[in-house]
Structure formats: structure tokens, C-alpha cells
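Listed here are the chains, written in short residue letters.
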Amino acid sequence: MERNSRLVPLGRLLVGAGVSLILLRGIELFARMPGLPAFWYSNQAIWILVAIGLAALGWNILWGRRMFVEETWQPAIPGRRFQSATIYTSAGCHLCEDAAALIAEHHRWLPIPDYVDIKSDPTLSEKYGTCVPVVIFDGKVRFRGRVDPVLLRRLIEGTPPLPVH
């Protein structure tokens with residue numbers, strides 16, 4: 001899913017720093033390296049813990065759970081958009097799974113989608129081929145392939161809510 005792209009350089013830096021400290025400690029085990037400060041030699045266990053912690057935090061930012069993703073987004077005007085939603089999918093499609101999860105995250109503003117496997121109908125299979133998922137709201141194709149979370153939010157924000165009956 002979406003990662004905060006501003007944190008990617010930080011994640012890379014943290015992983016790199018952690019791995020560098022671990023490698024430096026490994027090299028230092030075999031030969032004393034001149035030029036390292038005295039506190040390096042007196043606190044070696046702490047340096048290993050710091051290195052592992054930096055690498056783990058960087059790893060989590062880059063590839064871990066969605067720890068740093070904005071969870072509080074909501075449109076300026078509340079309410080459900082669109083009458084219907086259909087998602088054309090294909091079995092084993094990771095983009096389809098990502099689209100379903102993203103649509104589910106925005107369930108407060110979107111209708112419950114109907115999922116249609118394109119392999120169940122030769123016409124659909126020919127029409128969409130490998131270009132799945134295809135997300136349709138109220139009969140209009142809105143996404144083909146990857147569903148971008150920013151564009152989905154813009155679509156929700158730019159569509160007026162349905163009147164409440």
C-alpha cells in the first residue's frame with residue numbers, strides 16, 4: 001500500500017547507518033582500527049544495540065507495517081459518494097487485492113463494491129485482459145491497474161455526497 005514517500009530517504013539512511021555500524025564492529029573484531037574514538041571501545045555492546053535498533057527502525061519504515069501512514073484523512077464534507085461500485089478483478093492479482101483493501105479503507109465514503117472476476121466471462125476477459133483491477137463508480141471507469149490512494153481521495157473530495165433520504 002501507500003508509503004509516505006518523504007520517509008523513504010530516512011528509512012534508507014537508518015538501515016544504512018545500522019548496517020554500517022554492524023560492519024564496523026565486525027571489522028573491528030579482527031583488527032583494532034586506529035582513529036576510532038575511545039568511547040567506541042568502552043561501549044561496544046551499546047553500539048551493537050544502537051545499530052540493530054537503527055536498522056530495524058529503517059526496515060520498518062521501508063517495508064514494515066503501515067506504521068507511519070496518515071490514518072486520519074477524511075473529506076471536508078462527510079457523506080457517501082456514488083450509488084454503485086464494481087471492481088473487475090482476476091485471481092492472484094496483487095493489484096486487485098491492494099485495490100480492494102484501499103476501497104475498504106475508504107468504506108465510509110464509498111458504496112460496497114461488487115467484485116467480478118474477469119475470467120468468469122470470456123467477454124470481460126477479452127475486454128480487460130491484464131489491465132485489472134478496473135474500478136467503476138456509477139458506471140464510469142475511474143481506475144485501471146493500480147488504484148492510487150491520493151487520486152482516490154481526490155475523487156472522493158471532488159464528488160458531492162449523495163443526499164440523505
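Residues numbered from 1 in each chain as written. Predicted model: local features only at pLDDT ≥ 70, side-chain atom pairs only at ≥ 80, totals over all residues. Heavy atoms only, no water.

1. A look at the overall build of the protein
Phase 1 of the analysis: Counting secondary structure elements, the protein contains six helices and four strands.
Phase 2 of the analysis: Beginning at the N terminus, the succession of helices and strands in the protein can be written as α-α-α-β-α-β-α-β-β-α.
Phase 3 of the analysis: With the principal axes as the frame, the protein shows a C-alpha extent of 75 × 40 × 15 Å.
Phase 4 of the analysis: For the protein, the proportion of its 165 residues judged to be buried stands at 35%.
Phase 5 of the analysis: As displayed, the protein offers around 10600 Å² of accessible surface, 62% of which is attributable to carbon and sulfur atoms.
Phase 6 of the analysis: Taking the 18 positively charged and 14 negatively charged side chains of the protein as two groups, their mean positions are separated by 7 Å. (Helix = DSSP H or I, 4+ residues; strand = E, 2+ residues; numbered from the N terminus. Buried < 20%, exposed > 50% of the residue type's maximum accessible area, 1.4 Å probe, protein only. Areas by Shrake-Rupley, 256 points an atom, 1.4 Å probe, with all protein chains shown as cover. Lys, Arg positive; Asp, Glu negative; His and termini not counted. Charge placed at Lys NZ, Arg CZ, Asp CG, Glu CD.)

2. Concerning the environment of Ile-22
Phase 1 of the analysis: Topologically, Ile-22 is positioned in helix H1 (residues 8–30).
Phase 2 of the analysis: For the pair Ile-22 and Gln-44, spaced 22 residues apart in the sequence, the C-alpha separation amounts to 11 Å.
Phase 3 of the analysis: Apart from the residues within four sequence positions on either side, Ile-22 is in contact with Ala-51 and Ile-52. (Contact = heavy atoms within 4.5 Å.)

3. Section: helix H3 (residues 44–63)
Phase 1 of the analysis: The end-to-end C-alpha distance of H3 is 28 Å, a good match for the 28 Å that 20 residues give at a rise of 1.5 Å each.
Phase 2 of the analysis: Buried residues in H3 make contact with H1 and helix H2 (38–42). (Expected span 1.5 Å × (residues − 1).)

4. Regarding the packing of aromatic side chains
Phase 1 of the analysis: Under the criterion given, the structure shown has four aromatic pairs.
Phase 2 of the analysis: On the numbers, 5.3 Å between centres and 75° between planes, the contact of Trp-73 with Trp-109 is edge-to-face. Highlighted residues: Trp-73 in the loop between H3 and strand E1 (85–89) and Trp-109 in the loop between helix H4 (94–105) and strand E2 (114–117), separated in sequence by 36 residues. As far as burial versus exposure is concerned, Trp-73 and Trp-109 are alike and both buried. (Phe/Tyr/Trp six-rings, centres within 6.5 Å; stacked < 30°, edge-to-face > 60°.)

5. Here we look at the pairing of strand E4 (residues 140–144)
Along any regular strand, the residues point their side chains to alternate faces of the sheet.
Phase 1 of the analysis: Strand direction decides the pairing type here: strand E3 (residues 134–137) and E4, joined by four bridges, are antiparallel. Following the sheet pairing, Ile-136 is matched in E4 by Val-141.
Phase 2 of the analysis: Here E3 folds back onto E4, and the loop between the two strands holds two residues, one of which, Asp-138, carries a positive phi near 50°. (Pairing = 2+ DSSP bridges.)

6. A look at the pattern of salt bridges
Phase 1 of the analysis: Under the counting rule described, the total for this entry stands at one salt bridge.
Phase 2 of the analysis: Residues Asp-148 and Arg-146 are paired through a salt bridge, measuring 3.1 Å at the closest nitrogen-oxygen approach.
Phase 3 of the analysis: Take Asp-148: its relative accessible area is 22%, and that puts it in the partly exposed class. (Salt bridge = Lys/Arg side-chain N within 4 Å of Asp/Glu carboxyl O.)

7. Let's talk about the side chain of His-106
Phase 1 of the analysis: With respect to the helices and strands, the residue His-106 is situated in the loop between H4 and E2.
Phase 2 of the analysis: In terms of polar contacts, His-106 uses its side chain to reach the side chain of Arg-153, at 3.3 Å.
Phase 3 of the analysis: Leaving out residues up to four positions away in the same chain, His-106 has contacts with Trp-73, Leu-152, Arg-153 and Ile-156. (Polar contact = N/O pair within 3.5 Å; in protein donor to acceptor, adjacent residues only side chain to side chain.)

8. A look at unusual backbone geometry
Phase 1 of the analysis: Omega for the bond connecting Val-132 with Pro-133 falls within 30 degrees of zero, at 5°, which places this linkage in the cis form.
Phase 2 of the analysis: Among the structural elements, Pro-133 can be located in the loop between helix H5 (122–128) and E3.
Phase 3 of the analysis: The phi torsion at Phe-82 lies on the positive side, around 70°, for a residue other than glycine.
Phase 4 of the analysis: Within the element layout of this structure, Phe-82 appears in the loop between H3 and E1.

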